[in-house]
Amino acid sequence: MSAQPAIDLVRLAELARLSLSAEEQAALLPQLARILAQLAELEAVPLDDTPAMVRAGASSGIARADEPQPSLPREALLARAPKPEDDFYSVPKTVGGEG
Amino acid sequence: MTLPGVEATRARIVAGTTSAEANLRECLERIAALNPKLQAFHTVAAQSSLARATELDALLKSGAQPGALHGVPVALKSNLCASGHETNCGSRLLAGWQAPYTARAVERLLDAGAILVGMTHMDEFGFGSSGENSAYATARNPHDPERTAGGSSSGSAVAVASGMVPLALGSDTGGSVRQPAALCGIAGFKPSYGRIPRHGLVAFGSSLDCISPFARSVTDLECAMEVLSGHDALDATSIEEPPLLRIASEGALDGWRIGVPRECFDAGAGSGLDEGVRTALEAALRRFEQLGAQCVEVSLPHLRHAIATYYIIACAEASSNLARFDGVRYGVRHTAGSSLAAMMSATRERGFGAEVKRRVLLGTFVLSAGYHEAWYQRAQRVRARIAQDFEQAFEQCEVLVTPTTPSTAFRLGEKSSDPLAMYLSDVLTVPASLAGIPALSIDCGRTQGLPVGMQILGPARADTRVLRAGRAFERKNA
């Protein structure tokens, strides 16, 4: 954690699956730097051996019984997808060439 | 004139003073008159709601037992699923997307006799504190349409505050129900984390999200909580307790200790409290004393770290939850080049607004290799400290009272170009979200003609206690 972390915006955008325009990159970089500089104040908080709190204490986190239940109809879900094809979600080719 | 609240609406219909249909027509007329200016609803389901009202009137006539919300018109934030209604989350990416099933909380409302009137505007995916981050329209404050209604559940708050409906659902991740409730002068309740099941709520920050109701009184919120709360096996974070039941009480708070966290009233500690808000809160504390309670000063020393902690955790969780919106299974797809990655990137680039991109990038940063431990895990450890502060404070008092927001409703456009200034609006609401404790916002007065919201917080699972304190205050204030 550093008040001025190095931000590789091109790499971040790739990880986040965002194709940012040059204009957006120019606007975002100083904004992200300013926000992260503010968030970096946590570095100075003394924590000793405090464990991480991964969720609010009141939650049960208990899974339901492992019993088969009816699911939503396949056609209802496919009808809401941008490009269904027969019984499948279709996507651009993922094998061979650029992926 | 505003329409009657939840209890009064049901009572009038059940007594035969009016019918569900006649009452609904009044609501629809009010929506038609006010919505063009206030922009609370993006879709109004006039036809299906009228059909439902007719059905409810016939049921009552046949001698069937009316439900707890018989005939009560409700509005939903657009991140809740209701079969056949548009759940667009305020995003272009989900334009026109109709839910294939109904959220558990919504199902409970409908089973109790409520009528779904429509879906409301919101900040895109819940990212915002002013309603201005909607891809469709910015809901406007009924007290001054040039000012924000708060966010992100802005449309639902406006629908209730302007009398379009007596009850609405929003979701509160870091204050998205309490803030608009405060700025619009109504009541909003973020229950304990896990109190209302989230099956059918589009996720933003999974360790923080709470479905939360708006109404014009605490009594009406209690009616709604009786129906909405209770365990649900489809939500693994749902509290394994039966629904909350209202406890009849005289309204006095004899022997109660009201904790007043000094950090929330000290401008130097980062809350940036407006003088008018402080004056209204001080008057509210005196009213608690008139009810028999004693005010005690307490300290929440880690409160000043809550904004940083919240934004690291919430953005991390959001970047993970929003990964599913990639042009494959939901909504709109944009193509670019011939690869899968290019299609996903183009879809998200054109589908998401500026604030969503900012938060997804921030979340990706704090979760990325080399930064995860120093940023995300550290924030989770500070979160534990904030929760411990609350536990210690509740050893000295029954409930805590703070302002809900540092200022009253600000002008639209005032903070929209400065994301950090907007994030600071959340300074008083994110601590309860991080700790998972119940928090109620109610109207406690006016400054310069605008509503001031007061927040009442209780220990985890002490939802009933918080509502009882709010109801006592409301009666004293009436």
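Refer to the preceding data block for the structure.
Everything numeric in this text was worked out from a predicted model, so none of it was measured.

How each quantity is defined
- Residues numbered from 1 in each chain as written.
- Chains lettered and ligands numbered in written order.
- Predicted model: local features only at pLDDT ≥ 70, side-chain atom pairs only at ≥ 80, totals over all residues.
- Heavy atoms only, no water.
- Helix = DSSP H or I, 4+ residues; strand = E, 2+ residues; numbered from the N terminus.
- Buried < 20%, exposed > 50% of the residue type's maximum accessible area, 1.4 Å probe, protein only.
- Contact = heavy atoms within 4.5 Å.
- Areas by Shrake-Rupley, 256 points an atom, 1.4 Å probe, with all protein chains shown as cover.
- Axes fitted to C-alpha atoms, helices over the stretch in contact; angles between N-to-C directions.
- Parallel < 35°, antiparallel > 145°, perpendicular 65-115°, else oblique.
- Left-handed = near helix turned anticlockwise from the far one by under 90°.
- Nonpolar A, V, L, I, M, F, W, Y, C, P; charged D, E, K, R; others polar.
- Buried area = accessible area lost by both parts, 1.4 Å probe.
- Salt bridge = Lys/Arg side-chain N within 4 Å of Asp/Glu carboxyl O.
- Polar contact = N/O pair within 3.5 Å; in protein donor to acceptor, adjacent residues only side chain to side chain.

With that settled, consider the overall build of chain A. When its secondary structure is counted, chain A shows three helices and two strands. Ordered by position from the N terminus, the helices and strands of chain A form the series α-α-α-β-β. Expressed as a percentage of the 99 residues in chain A, the buried residues total 30%. Nonlocal contacts in chain A, meaning residues at least 24 apart in sequence, comprise 38% of its contacts between residues at least 6 apart. For chain A, the exposed area adds up to about 6,600 Å²; of that, 53% sits on carbon and sulfur atoms.

Our focus in this paragraph is the packing of helix α10 (residues 306–321) of chain B against helix α13 (residues 372–393) of chain B. Packed helix pairs are specified by the crossing angle of their axes together with the interaxial distance, meaning the distance between the axes. Residue and element names in this part refer to chain B. Between α10 and α13, whose axes approach to 9 Å, the crossing angle comes to 130°. Classed by the angle they form, the pair α10 and α13 counts as oblique. Helix-helix and strand crossings are classified by hand; for α10 and α13 the assignment is left-handed. Residues Ala-306, Thr-309, Ile-312, Ile-313, Ala-316 and Glu-317 of α10 form the contact with α13, whose own contacting residues are Trp-375, Tyr-376, Ala-379, Gln-380, Val-382, Arg-383 and Ile-386. Class assignment for the residues of the contact of α10 with α13 results in nine nonpolar, two polar and two charged.

Here we take up helix α5 (residues 154–161) of chain B. All names here are of chain B. With eight of its eight residues buried, α5 lies for the most part within the structure. Among the residues making up α5, those that are buried are Ser-154, Gly-155, Ser-156, Ala-157, Val-158, Ala-159, Val-160 and Ala-161. Downstream of α5 by one or two residues, Gly-163 has phi in the positive range, about 80°.

Residues and elements named next belong to chain B. Remark: helix α12 (residues 354–367) packs on α13, axes separated minimally by 6 Å, with the N-to-C direction vectors making an angle of 110°. Our classification of the angle between α12 and α13 gives roughly perpendicular. In this structure, α12 contributes Phe-365, Val-366 and Leu-367 to the contact, and α13 contributes His-372, Trp-375 and Tyr-376.

Right, let's talk about the interface of chain B and chain A for a bit. Each partner contributes residues to the interface: chain B has 70 residues there, and chain A has 60 residues. When the two sides are added together, the surface that chain B and chain A hide from each other amounts to roughly 5,700 Å², 65% of it contributed by carbon and sulfur. Between chain B and chain A we count three salt bridges in total. Ionic pairing is found between B:Lys357 and A:Glu24, a salt bridge with its closest N-O pair at 2.6 Å. At the boundary of chain B with chain A, the tally comes to 21 residue pairs in polar contact (both at pLDDT 80 or more). Those elements that place two or more of their residues in the side of chain B that touches chain A are α10, α11 (340–351), α12, α13, α14 (419–423) and α15 (430–435) of chain B. At 12 residues, α13(B) tops the list of elements feeding residues into the side of chain B that touches chain A.

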